[in-house]
Amino acid sequence: MTHSAHHILMLSSSRMGNEAYLTHARPMILTHLRDCRDVLFIPYAGVTLGWDDYVNKVQQALPEVRVQGIHTAADPVEAVTSASAIVVGGGNTFNLLHQLYENAVLQAIREKVAAGTPYIGWSAGSNICGQSIRTTNDMPIVEPRSFAALGFLPCQLNPHYTDYQPPNHNGETRDDRLYEFTALNPSTPVLAIREGSALLLSEQRLILKGSLSGFVFSGAQKQAIEPEQDLTEYLN
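In what follows, the accompanying structure is described. These numbers were taken from a predicted model, which means no experiment stands behind them.

### Digging into the overall build of the protein
Along its length, the protein carries 7 helices and 11 strands. A compact globule built from 236 residues would reach a C-alpha radius of gyration of about 18 Å, and the protein, at 17 Å, matches this within 12%. Referenced to the eigenvectors of the C-alpha coordinate spread, the extents of the protein come out at roughly 45 × 35 × 35 Å. Every one of the 236 residues in the protein was classed for burial, and the buried ones make up 53%.

Here is the structure:
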């Protein structure tokens, strides 16, 4: 896949620390949108949060733009093809991908973004930018037709990455889980990004944004990546 026209912002999370919803992300989002002030919002990751309420929540957090929910469109595919920008929120990644398949919009999103339409995702909305959703942190509460995702990146993503180990917790750590993936898929790296950070794919370059370091898991290796580091090698 060529990345020449891609303009994609993959935020790890909607919040950083105790900040209000999308507060840390707003400057990155508005910069990424450039002059665009109309966005198509895909709320399919919302499960306990109703989709209308989800749209309103994003609209309140981003008063500078007009937010339209894809679920209100008569034809979801047409909504994608006519969108000025596409924004995909967080929630449950399995439900998000399931709904994208059910509404037959995956390919339309791929083509629209490949043509240069800005894409912004956070959490689950970032997870689907990778090859598959096999490194999501979410429970598989519904079974999508496939784990194959948008494939903007040929690698995997792990938003909300943390290496915190709760006291007296004896289950697998996040690192353990990611090493399980790379043990079975040694040629597929996983880009793990902390809350408050993001990956930016633009002008054929992939860069880590924010103030926090992240990690690349590959095979049995874990390598730190730093803010503003060029990660373009992971596009190949």
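Resuming the write-up.
### Some points on a nonpolar patch on the surface
Together, Val-47, Met-139 and Ile-141 make up a nonpolar patch on the protein surface, roughly 330 Å² of accessible area in all. By the element assignment, Ile-141 lies in the loop between α6 (124–127) and β6 (156–158).

### Here we look at the pattern of salt bridges
Counted according to the given criterion, the structure contains 9 salt bridges. Taking the shortest distance from any N to any O, the salt bridge between Arg-177 and Glu-180 comes out at 3.4 Å. With Arg-177 and Glu-180 both in helix α7 (residues 174–184), this residue pair falls 3 residues apart, about one helical turn.

### A look at helix α1 (residues 26–33)
Those residues of α1 that sit buried are Met-28, Ile-29, Leu-30, His-32 and Leu-33. Buried-residue contacts for α1 involve β1 (7–11), β2 (38–42), β5 (119–122), β8 (198–202) and β9 (205–209). After α1 finishes, the residue Arg-34 shows a positive phi value of roughly 55°.

### Comments concerning the environment of Ile-207
Here Ile-207 is to be found in strand β9. Expressed as a C-alpha distance, the spacing of Ile-207 and Tyr-44, which sit 163 residues apart in the sequence, is 27 Å. Look past the residues within four positions of Ile-207 in its chain and what remains in contact with it is Ala-198, Leu-199, Leu-200, Glu-228 and Gln-229.

### Section: the sheet that holds strand β10 (residues 214–218)
Pairing is mixed in the open sheet, where 4 strands are placed in the order β6-β7-β10-β11. The open sheet terminates on both sides in strands that have one partner only, identified here as β6 and β11 (221–225). The sheet shows a mean angle of 25° between the axes of neighbouring strands, taken without regard to direction. Packing of α7 onto the sheet brings it into contact with β6, β7 (190–192), β10 and β11, and relative to β10 it is tilted by some 35°.

### Topic: the pairing of β11
Relative to β11, β10 runs antiparallel, the two being bridged by 5 bridges. Bridge pairing in β11 places Phe-217 opposite Lys-222. Counted along the chain from β10 to the antiparallel partner β11, the turn is 2 residues long, and its residue Gly-219 has a positive phi close to 60°.

### Considering the packing of aromatic side chains
Tallied over the entire structure, the rule returns 9 aromatic pairs. For the pair Tyr-161 and Phe-217, a centre-to-centre distance of 6.0 Å together with 55° between the ring planes defines the contact as tilted. On the criterion of sequence distance, the pair formed by Tyr-161 in the loop between β6 and α7 and Phe-217 in strand β10 is long-range, its members being 56 residues apart. Members of the aromatic cluster, joined through ring pairs, are Tyr-21, Phe-41, Tyr-54 and Trp-122. Above the plane of the ring of Phe-215 lies Lys-222, whose end atom (NZ or CZ) is 4.2 Å from the centre.

### A few points about unusual backbone geometry
In this model, Ala-104 sits at a positive phi of 55°, which is unusual for a non-glycine residue. Residue position: Ala-104 is located in the loop between α4 (93–102) and α5 (106–114). Under the relative-accessibility criterion, Ala-104 is labelled exposed at 54%. Even without being glycine, Ser-123 reaches a positive phi, approximately 55°. In this structure, Ser-123 sits in the loop between β5 and α6. By relative accessible area, Ser-123 is classed as buried at 11%.

The rules behind each value
Residues numbered from 1 in each chain as written. Predicted model: local features only at pLDDT ≥ 70, side-chain atom pairs only at ≥ 80, totals over all residues. Heavy atoms only, no water. Helix = DSSP H or I, 4+ residues; strand = E, 2+ residues; numbered from the N terminus. Rg over C-alpha atoms; globule rule 2.2 N^0.38 Å. Buried < 20%, exposed > 50% of the residue type's maximum accessible area, 1.4 Å probe, protein only. Patch = residues over 30% accessible without salt bridge, like charges linked within 9 Å, V, L, I, M, F, W, Y side chains within 5 Å. Areas by Shrake-Rupley, 256 points an atom, 1.4 Å probe, with all protein chains shown as cover. Salt bridge = Lys/Arg side-chain N within 4 Å of Asp/Glu carboxyl O. Contact = heavy atoms within 4.5 Å. Pairing = 2+ DSSP bridges. Axes fitted to C-alpha atoms, helices over the stretch in contact; angles between N-to-C directions. Phe/Tyr/Trp six-rings, centres within 6.5 Å; stacked < 30°, edge-to-face > 60°. Lys NZ or Arg CZ within 6 Å of the ring centre and 35° of its normal.

Remember that the coordinates give geometry; whether it matters functionally is a separate question.
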